[in-house]
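# Report on the structure
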Amino acid sequence: MSTVELTKDNFEETITGSDIVLIDFWAAWCGPCRMFGPVYEKAAERHPDIVFGKVDTEAQPELAATFQISSIPTLMAVRDRTVLYARPGALPPQALEELIGKIRAVDMEDVRRQAAAGTAGGN
């Protein structure tokens, strides 16, 4: 499976209907974005169980604003509707693979417990 273009029309449905979603916020004029594109596409081919989405920040400024994207490329990882990773910068192939492994390994029950304790405790 290759990457999916995410828009304000399909974003919520994609996030809700998928266990793990990686999102590449990019723009055509951005050199580092163009260099990261093929790395991202190859990872999408190696991990067909993960949705690899791309948000063109020029075409989808509302999505970029919603997530306060100020630098591109920015890579975001969402699992079970929870943002686990969001950082600007293009990753080399090995670092992207390591990130995918870490996202897969996260104990989501623990994340939910921590989030509940944080909101209940007023932290």
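Procedures and definitions
Residues numbered from 1 in each chain as written. Predicted model: local features only at pLDDT ≥ 70, side-chain atom pairs only at ≥ 80, totals over all residues. Heavy atoms only, no water. Phe/Tyr/Trp six-rings, centres within 6.5 Å; stacked < 30°, edge-to-face > 60°. Helix = DSSP H or I, 4+ residues; strand = E, 2+ residues; numbered from the N terminus. Buried < 20%, exposed > 50% of the residue type's maximum accessible area, 1.4 Å probe, protein only. Lys NZ or Arg CZ within 6 Å of the ring centre and 35° of its normal. Pairing = 2+ DSSP bridges. Contact = heavy atoms within 4.5 Å. Axes fitted to C-alpha atoms, helices over the stretch in contact; angles between N-to-C directions.

## Side note on the packing of aromatic side chains
Counting across every chain of the model gives 4 aromatic pairs. Summarising the aromatic geometry, the rings of Phe11 and Phe67 are spaced 5.4 Å apart at their centres and angled 50 degrees between planes, so their arrangement reads as tilted. Of this pair, Phe11 sits in helix α1 (residues 11-16) while Phe67 sits in the loop between α3 (61-66) and β4 (74-79), placing them 56 residues apart in sequence. A relative accessible area of 8% places Phe11 in the buried class. For Phe67, a relative accessible area of 25% corresponds to the partly exposed category. Both rings, one in Phe36 and one in Tyr40, keep their centres 5.6 Å apart while their planes meet at 45 degrees; by these two values the pair is tilted. Linking Phe36 with Tyr40, this pair stays in helix α2 (residues 31-46), spanning 4 residues, or about one helical turn. Residue classification places Tyr40 among the buried positions, given a relative accessible area of 0%. Put simply, the rings of Phe11, Phe25 and Phe67 touch in pairs and so form one group of aromatic residues. One Lys or Arg, Lys54, reaches over the ring of Trp26 and ends 5.1 Å from the middle of that ring.

## Structural notes on the sheet that holds β4
Read from one edge to the other, the open sheet built from 5 strands follows the order β1-β3-β2-β4-β5, with strand pairing classed as mixed. Both outer strands of the open sheet, β1 (4-5) and β5 (82-88), are each paired with one neighbouring strand and no more. When β1 meets strand β3 (residues 51-56), the two strands line up parallel, connected through 2 bridges. Looking at β3, one finds that Glu5 is bridged to Lys54. Across the sheet, α2 lies against β2 (20-26), β3 and β4, angled at about 160 degrees from β3, the strand it touches most.

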